[in-house]
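For reference, the chains in residue letters:
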Amino acid sequence: MMAGSPSTQQQPKKVLLVGTGAVVANTVSSVLPGWTLIRVSDNKAALSLLQKECADLVVTGEHSNGREDVELLRKIRRVWPHTRLIILTDESTPADVIAAIRFRAFSYFSKPYTQEAFADMLRLASEAPAWDDGIELISATPAWIVLTARCDLGTAERLFQFGHEVADLPEEEQEKVALAFREMLLNAMEHGGRFDPSKHVEISYTRARHVVMCRIKDPGEGFSLQENLRAVSSNPPDDPLRHLEYRQAQGVRPGGYGVSIAQTMVDEVIYGEKGNDVLLIKYLDVTPETKTGDPK
């Protein structure tokens with residue numbers, strides 16, 4: 001087999017676990033039955049093995065830090081450009097997450113995280129085709145990130161996990177921003193991009209001292225925000241979700257309802273003139289010592 005080529009479909013797929021414990025190993029085994037499972041003690045042993053043979057998926061060990069795992073990823077990319085790698089780590093900074101995106105990690109988890117969330121990402125890693133062109137980092141610092149994302153659900157789920165890791169916010173604010181971002185991103189991918197993987201949304205995330213801003217621009221022709229919100233407000237009092245049943249029957253996600261959710265989660269939701277460009281703004285109550293762009 002040529003260097004740089006993934007293993008063929010006829011061969012059993014391989015997953016390489018690096019210094020992981022029994023809980024992670026058991027999750028991998030249950031989610032990926034039929035895969036050949038290989039275990040090594042540390043990143044050095046993993047790199048030595050990968051210089052000789054390919055693995056379809058690599059899962060790093062929780063006891064290494066994010067910077068060390070990104071360095072392993074960078075070296076793997078020289079040999080196997082398409083191997084999927086999920087980073088598990090005890091220690092992480094936003095800069096580590098950004099570097100992982102830059103070198104095309106499949107996903108990134110720092111503690112605490114749930115085995116259920118990890119299992120869902122394993123399933124996605126085992127199924128997603130042509131995954132490595134889904135997220136493109138345009139420019140990034142811990143305070144300001146600009147990227148594009150392909151219009152498909154798998155890419156959206158990967159982006160949500162990266163966003164969870166890179167957001168340096170108090171827990172309550174992070175949950176609200178994440179929910180608003182999820183609603184607006186999925187709206188952009190469906191209504192603007194039609195879940196067409198040849199199309200992309202543009203995303204900008206800015207973390208200043210007292211505010212978080214997230215801008216999402218989709219490739220569509222836009223829509224009428226007022227029309228969508230009227231669909232929500234026109235529901236009868238005894239059936240506030242009636243318009244959702246209609247949209248579900250048409251095979252589409254909620255429209256104005258998702259916008260309404262976002263408006264309750266963040267302080268401002270501002271649309272551009274065409275309706276295909278939205279800015280989410282969340283104001284923060286932070287101490288004076290907090291500095292813009294400080295890593296964790």
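Think of each chain on its own: its residues are numbered from 1, step by step along the sequence as written. A pLDDT threshold of at least 70 governs which residues receive local features in this predicted model, and a stricter bar of 80 or more applies before side-chain atom pairs are shown or counted, although totals over entire chains, interfaces and linings include all residues. Excluded from the side-chain calculation are hydrogens and water; included are all heavy atoms of the structure.

Caption draft 1: Representation of the overall build of the protein chain within the structure. For the purposes of this entry, the term helix denotes a DSSP run of H or I that reaches at least four residues, the term strand denotes a run of E that reaches at least two, and both are numbered from the N terminus. Counting secondary structure elements, the protein chain contains 10 helices and 11 strands. Relative to its full complement of 296 residues, the protein chain shows a buried share of 50%. Any two residues whose heavy atoms approach within 4.5 Å at even a single point are treated as in contact. Contacts in the protein chain between residues far apart in sequence, at least 24 positions, make up 67% of those at least 6 positions apart. All accessible areas in this document rest on Shrake-Rupley with a 1.4 Å probe, and a residue is counted as covered only by the protein chains that are shown. Split by element, the accessible area of the protein chain, about 14,800 Å² in all, is 53% carbon and sulfur. The buried label applies to any residue whose accessible area, calculated with a 1.4 Å probe on protein chains only, is under 20% of its type's maximum; exposed applies above 50%, and partly exposed to all values in between.

Caption draft 2: Layout of the sheet that holds strand β8 (residues 200-207). Any two strands between which DSSP finds at least two bridges are classified as paired. Strands sit in the order β6-β7-β8-β9-β11-β10 across an open sheet of six strands; the sheet is antiparallel. Pairing within the sheet leaves two strands with one partner each, and these edge strands are β6 (135-141) and β10 (268-271). In this sheet, adjacent strand axes meet at a mean angle of 15 degrees when their direction is disregarded. Inspection of the sheet shows strand β7 (residues 144-150) paired to β8 by seven bridges, in the antiparallel sense. Looking at β8, one finds that L147 is bridged to I203. Of the strands in this sheet, β6, β7 and β8 are in contact with helix α6 (residues 153-166), which crosses β7 at around 165 degrees. What counts as an axis is a line fitted to C-alpha atoms, over the stretch in contact for a helix, and the angles between N-to-C directions run from 0 to 180 degrees.

Caption draft 3: Structural detail: helix α5 (residues 115-127). Under the convention used throughout, the expected extent of a helix is 1.5 Å for every residue step, that is, one less than its residue count. Between its first and last C-alpha atoms α5 spans 18 Å; for 13 residues at 1.5 Å apiece the expected length is 18 Å, and the two agree. Of all the residues in α5, the buried ones are F118, A119, M121, L122, L124 and A125.

Caption draft 4: Looking closely at the sheet that holds strand β4 (residues 84-89). Strands sit in the order β2-β1-β3-β4-β5 across an open sheet of five strands; the sheet is parallel. Only two strands of the sheet have a single neighbouring strand rather than two, namely β2 (36-40) and β5 (107-110). Each neighbouring strand pair of the sheet contributes to a mean axis angle of 15 degrees, computed without reference to strand direction. As paired strands, β4 and β5 are joined by four bridges and run parallel to one another. Among the inter-strand pairings, T89 is bridged to a residue of β5, identified as S110. Against the sheet, helix α3 (residues 66-79) touches β4 and β5, its axis set at about 165 degrees to β4.

Caption draft 5: Representation of unusual backbone geometry in the model. With an omega of 0 degrees, the peptide bond between K111 and P112 qualifies as cis. At R194, a position not held by glycine, the phi torsion is positive, near 55 degrees. Of note, R194 is situated in the loop between α7 (171-192) and β8. Residue R194 is classed as exposed on the basis of its relative accessible area, which comes to 61%. Non-glycine residue F195 carries a positive phi angle of around 50 degrees.

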